[in-house]
Amino acid sequence: MLMLVNCSNCRTPLQLPPGARSIRCAVCQAITHIADPRSLPPPAAPSSSTVNYAPPPLIPPSPYNHTPPGPPPSAHGRKKAVICGISYRYSRHELKGCINDAKCMRYLLINKFQFPPDSILMLTEEETDPYRIPTKHNLRMALQWLVVGCQPGDSLVFHYSGHGSQQRNYNGDEVDGYDETLCPLDFETQGMIVDDEINVTIVRPLPPGVKLHAIIDACHSGTVLDLPFLCRMNRSGQYAWEDHRPRTGVWKGSNGGEVISFSGCDDDQTSADTAALSKITSTGAMTYCFIQAIERGQAATYGSMLNSMRAAIRNTGNDVGLGGGLVTSLLTMLVTGGSLSGVGQEPQLTATQPFDVYTKPFSL
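Definitions and cut-offs
- Residues numbered from 1 in each chain as written.
- Predicted model: local features only at pLDDT ≥ 70, side-chain atom pairs only at ≥ 80, totals over all residues.
- Heavy atoms only, no water.
- Helix = DSSP H or I, 4+ residues; strand = E, 2+ residues; numbered from the N terminus.
- Buried < 20%, exposed > 50% of the residue type's maximum accessible area, 1.4 Å probe, protein only.
- Contact = heavy atoms within 4.5 Å.
- Areas by Shrake-Rupley, 256 points an atom, 1.4 Å probe, with all protein chains shown as cover.
- Salt bridge = Lys/Arg side-chain N within 4 Å of Asp/Glu carboxyl O.
- Expected span 1.5 Å × (residues − 1).
- Phe/Tyr/Trp six-rings, centres within 6.5 Å; stacked < 30°, edge-to-face > 60°.
- Lys NZ or Arg CZ within 6 Å of the ring centre and 35° of its normal.
- Pairing = 2+ DSSP bridges.
- Axes fitted to C-alpha atoms, helices over the stretch in contact; angles between N-to-C directions.
- Core = buried A, V, L, I, M, F, W, Y, C linked by side-chain atoms within 4.5 Å.
- Parallel < 35°, antiparallel > 145°, perpendicular 65-115°, else oblique.
- Left-handed = near helix turned anticlockwise from the far one by under 90°.
- Nonpolar A, V, L, I, M, F, W, Y, C, P; charged D, E, K, R; others polar.

K.L.:
Could you give an account of the overall build of the protein chain, with specific residues and numbers?
P.N.:
Per the secondary structure count, the protein chain includes seven helices and 15 strands. Across the 364 residues that make up the protein chain, the buried fraction comes to 52%. Within the protein chain, counting contacts between residues at least 6 apart in sequence, those at least 24 apart form 73% of the total. Here the protein chain has roughly 16300 Å² of accessible surface; of this, 54% comes from carbon and sulfur atoms.

Structural data, given as structure tokens:
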């Protein structure tokens, strides 16, 4: 049973995990200490002539700045991850491979990159905890949990496998005139999560020394983190960084931290409503090729990783053979249905700062 307490500084309601004696506010960062109730005198009976009102919050709570409801996983070893896989089962938008993608990514992080299991927050329809179902509210809360309290040396990962779309941009901060979006399980009633919000939530707050990798396996996902620079690479492996900073001057980078995103395809489709979902390439191909590149030893640098992923997707129809490694042994059991399709996709790399993709070592 969770106890609700007000932040001692800004009065934002906070959910206190069982047994905790203090809690940090995600809005103002103040620490509220909780007295042992056994040491307090019994409360006086309320007077019928007086009514106590809590003072209004000094800072209006933002929809992006709450810790997730329920007891969150504790972060161990400076590594945290949010993994979201949505199948939209029993709907006309159903996808086959996304929950399997999430399971494979969790296995990869634990067994290849030493992420402790209880520092990984899984959001899928298979979760029994209602706060781990990938609704819009829960996904927002999970993204906030991912970055709150991060310190130099932390390594963060956000993996998403599901539908993506676009909607018309009206504030002038998109080169192509469209915002990229992620589609949570309840997007048809609650709406999509726009790239501007994702940028504000997990990119802008990151301080120096913190590293965030996003692996976004969705349609229209090329710049879904709204990062300032996109690595445009041709099939020969030659590349140039494109400057995607908004003409409005709005800053889309971090607070000094490093953010690098691999995404499943470019932003070149222009459907701005949910009709775009009927044309989406099957999700899962990008996640599959990302894991395969690591397993086959083709991910020494970001450039070799991107080249390997693109080549694997182009050759998927002809070569679906796997190695016999730690992760791919699980992949042979988990990857099903549409996870091996998607030949038309071109994975993209975006970042907060340009870098030499062939000399920078890849690591999570």
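K.L.:
Describe the pattern of salt bridges, and please don't skip the residues or the numbers.
P.N.:
All chains considered together, the criterion is met by 11 salt bridges. Across the salt bridge formed by Glu126 and Lys103, the nearest N and O atoms sit 3.2 Å from each other. Of the two residues, Glu126 sits in the loop between β6 (120-123) and α2 (136-147) while Lys103 sits in helix α1 (residues 98-113), which places them 23 residues apart along the sequence. We classify Glu126 as partly exposed; its relative accessible area is 42%.

K.L.:
Requested: an account of unusual backbone geometry, with residues and values cited.
P.N.:
Peptide bonds are, in most cases, trans, and in most cases residues other than glycine have a negative phi. Its identity as a non-glycine residue notwithstanding, Tyr88 has a phi of 55°, on the positive side. Looking at the secondary structure, you find Tyr88 in the loop between β5 (79-85) and α1. Accessibility expressed as a relative area gives 2% for Tyr88, which makes it buried. Residue Gln114 is not a glycine yet carries a positive backbone phi of 60°. Following the sequence through the fold, Gln114 ends up in the loop between α1 and β6. In this structure Gln114 comes out as exposed when scored by relative accessible area, which is 54%.

K.L.:
I'd love a proper account of helix α6 (residues 302-314), names of residues and values included.
P.N.:
In this model α6 runs 18 Å from its N-terminal to its C-terminal C-alpha over 13 residues, within 8% of the 18 Å that 1.5 Å per residue would give. Among all positions in α6, only Tyr302, Gly303, Met305, Leu306, Ser308, Met309, Arg310, Ala312 and Ile313 are buried. Of the surrounding elements, those touching the buried residues of α6 are β11 (211-217), β12 (229-233), β14 (258-263), α5 (285-295) and β15 (348-351).

K.L.:
Lay out the packing of aromatic side chains in plain terms, naming residues and giving numbers.
P.N.:
Working definition: an aromatic ring pair is given by the centre-to-centre distance plus the angle between the planes. This model, assessed by the stated rule, comprises 10 aromatic pairs. Members of the aromatic cluster, each reached through a chain of ring pairs, are Phe113, Trp241, Phe262, Phe290, Tyr302, Phe355 and Phe362. Above the ring of Trp145, the side-chain terminus of Lys80 is found at 4.3 Å from the ring centroid. We note Lys360 situated over the ring of Phe355; from NZ or CZ to the ring centre the distance is 5.5 Å.

K.L.:
Explain helix α4 (residues 195-203) to me, using residue names and the numbers behind them.
P.N.:
Across the nine residues of α4, eight count as buried, placing the element largely inside the fold. Asp195, Asp196, Glu197, Ile198, Asn199, Thr201, Ile202 and Val203 are the residues of α4 that are buried. Summarising the contacts, the buried residues of α4 are in contact with α2, β7 (155-161), β9 (178-182), β10 (193-194), β11 and β14.

K.L.:
I'd love a proper account of the sheet that holds β7, names of residues and values included.
P.N.:
As a general point, the strands of a sheet are linked pairwise by backbone hydrogen bonds and lie either parallel or antiparallel. Read across the sheet, eight strands follow the order β6-β5-β7-β11-β14-β15-β12-β13 without closing on themselves; strand pairing throughout is mixed. Looking along the sheet, the strands with just one partner apiece sit at the ends: β6 and β13 (239-243). Here the strands of the sheet are splayed against their neighbours by 15° on average, with no regard to which way each runs. Pairing analysis gives five bridges linking β12 to β13, with the strands arranged antiparallel. Across the sheet, the residue bridging to Arg232 is Ala240, located in β13. Of the strands in this sheet, β11, β12, β14 and β15 touch α6, which is tilted by about 15° from β14.

K.L.:
Pulling in residues and values, what's your account of the side chain of Ser155?
P.N.:
Tracing the backbone shows Ser155 in strand β7. Note on Ser155: relative accessible area 5%, which makes it buried. The contacts of Ser155, once residues within four sequence positions are left out, are Arg78, Lys79, Lys80, Phe115, Lys211 and Leu364.

K.L.:
Pulling in residues and values, what's your account of the nonpolar core?
P.N.:
If you look at the biggest cluster of nonpolar residues, it comprises 40 residues, and the most contacted ones within it are Leu109, Phe262, Phe290, Met305, Leu349 and Phe362. Looking at this core, the element that brings in the most residues is α5, giving eight residues. Residues within four places of Leu349 in sequence aside, it is in contact with Phe229, Leu230, Cys231, Trp241, Ile260, Ser261, Phe262, Tyr302, Leu306, Phe355 and Val357. By size, the runner-up hydrophobic cluster in this structure holds 36 residues, among which are Ala142, Val147, Phe187 and Met192.

K.L.:
Describe the packing of α5 against α6, naming the residues involved and giving the relevant values.
P.N.:
Viewed as axis vectors pointing N to C, α5 and α6 meet at an angle of 125°, and their least axial separation amounts to 9 Å. If you check the angle between α5 and α6, you find them oblique. Every pair of crossing elements has a handedness; the one defined by α5 and α6 is right-handed. When α5 is examined against α6, the residues Ala285, Met286, Cys289, Phe290, Gln292, Ala293 and Ile294 are found in contact with a partner set consisting of Met305, Ser308, Met309, Ala312 and Ile313. Partitioning the contact of α5 with α6 into residue classes produces 10 nonpolar, two polar and no charged.

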